[in-house]
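# Structure at a glance
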Amino acid sequence: MSGLPSSATVPDGGGGAPLPRHVAIIMDGNGRWAKQRHLPRIAGHRAGVDAVRRTIRAAAEIGIEALTLYAFSSENWRRPEEEVADLMGLLRYYIKREIAELDRNGVRLQLIGDWRRFAPDIVADLEEACARTAGNRRLDVAVALNYGAQDELVRAVRAIATEAQAGLLDPAAIDRTTIEERLDTRALPPLDLLIRTSGEERLSNFLLWQAAYAELMFVDTLWPDFDRAALERAVAEFARRERRYGGR
Ligand code: IPE
Ligand code: IPE
Ligand code: MG
């Protein structure tokens, strides 16, 4: 995750508008989408899965390298037990039903977060899905599961302290790269664009380190309504932004 600047200039028929290499999305608003329709929240989450499918397809077609999706936060365990169970059910369904298509479309599945704390059957299915798609190169899709940026940093610090205590790492040599290499996102390109749907304007513990110089976009669209056109609008807006990294 190191190295600046981070967006590739991709030929787009001559214009050379910078395309974000790595886009992350806080997929918010499923509950409000359902409420507007007098449906149970799970209906909103199901519609959210359709939006995930559309968005992955669009990201691959646009030529984005990596797409990180915030699906379940380390704080989402605070939701009523029934909603957590519904979300786990949906995750089981998603892994079983969607991986074949992801694989066909050249998607390499990655995971960030403390997902190994999920139920053993889910962990096994996730491991299998990652292994099955490991050779794909068209688009990296990183799903954030039981992810919290503060928890990610705690785990990284713990790993660094353990290595230092074992004499494998000199504390004086710890730098930004030492930390980035121990974050869950270590295999992903630097974050260029972070989008949150549903009109909320906060990060909710998502990619705090990685967002240091990412462009932030808050859109009113509720996640189940997100589609290719919405992603294209965000990518076009990204191309108009001027990134300075503290310079002038
Ligand atoms: C996002 O939608 C999905 C998850 C957090 C799993 P919400 O369920 O947060 O929807 P709202 O914010 O209540 O509308
Ligand atoms: C953030 O949304 C987490 C995901 C989208 C998975 P939340 O709906 O949980 O965030 P808050 O509670 O509004 O901050
Ligand atoms: Mg929400």
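The rules behind the values
Numbering of residues starts from 1 in each chain and follows the order in which that chain's sequence is written. The order in which chains are written sets their letters, starting at A; the order in which ligands are written sets their numbers, starting at 1. Whole-chain, interface and lining totals are the exception, using all residues; otherwise, since this is a predicted model, local features are given only for residues with pLDDT of at least 70 and side-chain atom pairs are given and counted only at 80 or more. The side-chain figures draw on all heavy atoms in the structure; neither hydrogens nor water molecules are used. Helix and strand definitions follow DSSP, with helices as H or I runs of at least four residues and strands as E runs of at least two, each counted in order from the N terminus. As defined in this context, the radius of gyration uses C-alpha atoms, and a globule is described by 2.2 Å times the residue total to the power 0.38. Think of it in three bands: with a 1.4 Å probe and only protein chains considered, a residue is buried below 20% of the maximum accessible area for its type, exposed above 50%, and partly exposed in between. Any pair of residues with heavy atoms lying within 4.5 Å of one another is described as a contacting pair. None of His or the chain ends enter the tally, which takes Lys and Arg as positive and Asp and Glu as negative. Where a charge sits is defined by one atom per residue type, namely NZ (Lys), CZ (Arg), CG (Asp) or CD (Glu). Helix span, as expected, comes to 1.5 Å for every residue beyond the first. Picture the helix axis, draw a direction to every C-beta atom, and the arc is the one those directions span. Being near a molecule or strand, for a residue, means having at least one of its heavy atoms within 4 Å of it. Side-chain atoms alone can form a polar contact between residues adjacent in sequence; in general such a contact is a pair of N or O atoms within 3.5 Å, and within protein one must be able to donate a hydrogen while the other accepts it. Per-residue accessibility takes into account occlusion by the displayed protein chains alone, with areas from the Shrake-Rupley method and a 1.4 Å probe. Ten residue types, Ala, Val, Leu, Ile, Met, Phe, Trp, Tyr, Cys and Pro, are classed as nonpolar, four, Asp, Glu, Lys and Arg, as charged, and the remainder, Gly among them, as polar. pLDDT measures how confident the predictor is about each residue, on a scale from 0 to 100.

### Here we look at the overall build of the chain
Scanning the chain for helices and strands turns up seven helices and eight strands. For 248 residues, the compact-globule estimate of 2.2 N^0.38 gives 18 Å, and the chain sits close to it at 18 Å. Expressed as lengths along the three principal axes of its C-alpha atoms, the size of the chain is roughly 55 × 50 × 35 Å. Taking all 248 residues of the chain together, the buried fraction comes to 48%. Long-range pairs, those at least 24 residues apart, make up 78% of the contacts in the chain with a sequence separation of at least 6. With 35 positive and 37 negative side-chain charges, the chain shows a spacing of 2 Å between the two charge centroids.

### Structural notes on helix α7 (residues 228-240)
Relative to the 18 Å expected for 13 residues at 1.5 Å per residue, α7 spans 19 Å between its end C-alpha atoms, a close match to the ideal helical length. The complete set of buried residues in α7 reads A230, L231, A234, V235 and F238. Along α7, the residues classed as buried sweep out an arc of 135° about the axis, all on the same side. Among the exposed residues of α7, those pointing more than 90 degrees away from its buried face are R233 and R240.

### Observations concerning the site of ligand 2
Around ligand 2, the neighbouring residues are I26, M27, D28, Y70, A71, F72, N76, R79, R196, R202 and S204. One of the side-chain N or O atoms of S204 is found 2.6 Å from an oxygen atom in ligand 2. Look at ligand 2: alone it shows 390 Å² of surface, and the protein chains cover 77% of it. Looking at the shell around ligand 2 element by element, the count peaks at three residues for strand β4 (residues 66-73). Taken together, the residues that form the shell around ligand 2 break down as five nonpolar, two polar and four charged.

### A word on the confidence of the model for the chain
Summary statistics for the chain give a mean pLDDT of 94 and a share of 94% for residues scoring 70 or more. Looking over the chain, one finds the lowest element-wise mean pLDDT in strand β1 (residues 8-9), namely 46, and the highest in strand β3 (residues 22-26), namely 99. Here residues 1-14 is modelled with pLDDT under 50, and outside its nearest four sequence neighbours on either side it reaches 35 contacts, counting other chains as well.

### Looking at the environment of L231
Residue placement: L231 occurs in helix α7. Overall, L231 belongs to the buried group, its relative accessible area being 0%. L231 sits 177 residues away from R54 along the chain, and the two C-alpha atoms are 9.9 Å apart.

### Describing the site of ligand 1
As a matter of local geometry, ligand 1 sits amid 13 residues, with D28, G31, R32, R41 and R79 nearest to it. D28 places a side-chain nitrogen or oxygen 2.9 Å from an oxygen atom of ligand 1. The separation between an oxygen atom of ligand 1 and a polar main-chain atom of N30 is 3.2 Å. Coverage of ligand 1 by the protein chains reaches 86% of its 380 Å² of free accessible surface. The leading source of residues in the shell around ligand 1 is helix α1 (residues 30-36), at three residues.

### Topic: the side chain of T55
Tracing the backbone through its elements, the reader meets T55 in helix α2 (residues 41-62). With a relative accessible area of 1%, T55 lands in the buried category. Each residue touching T55, except ones within four places of it in the same chain, is listed here: I25, L67, W223, F226 and L231.

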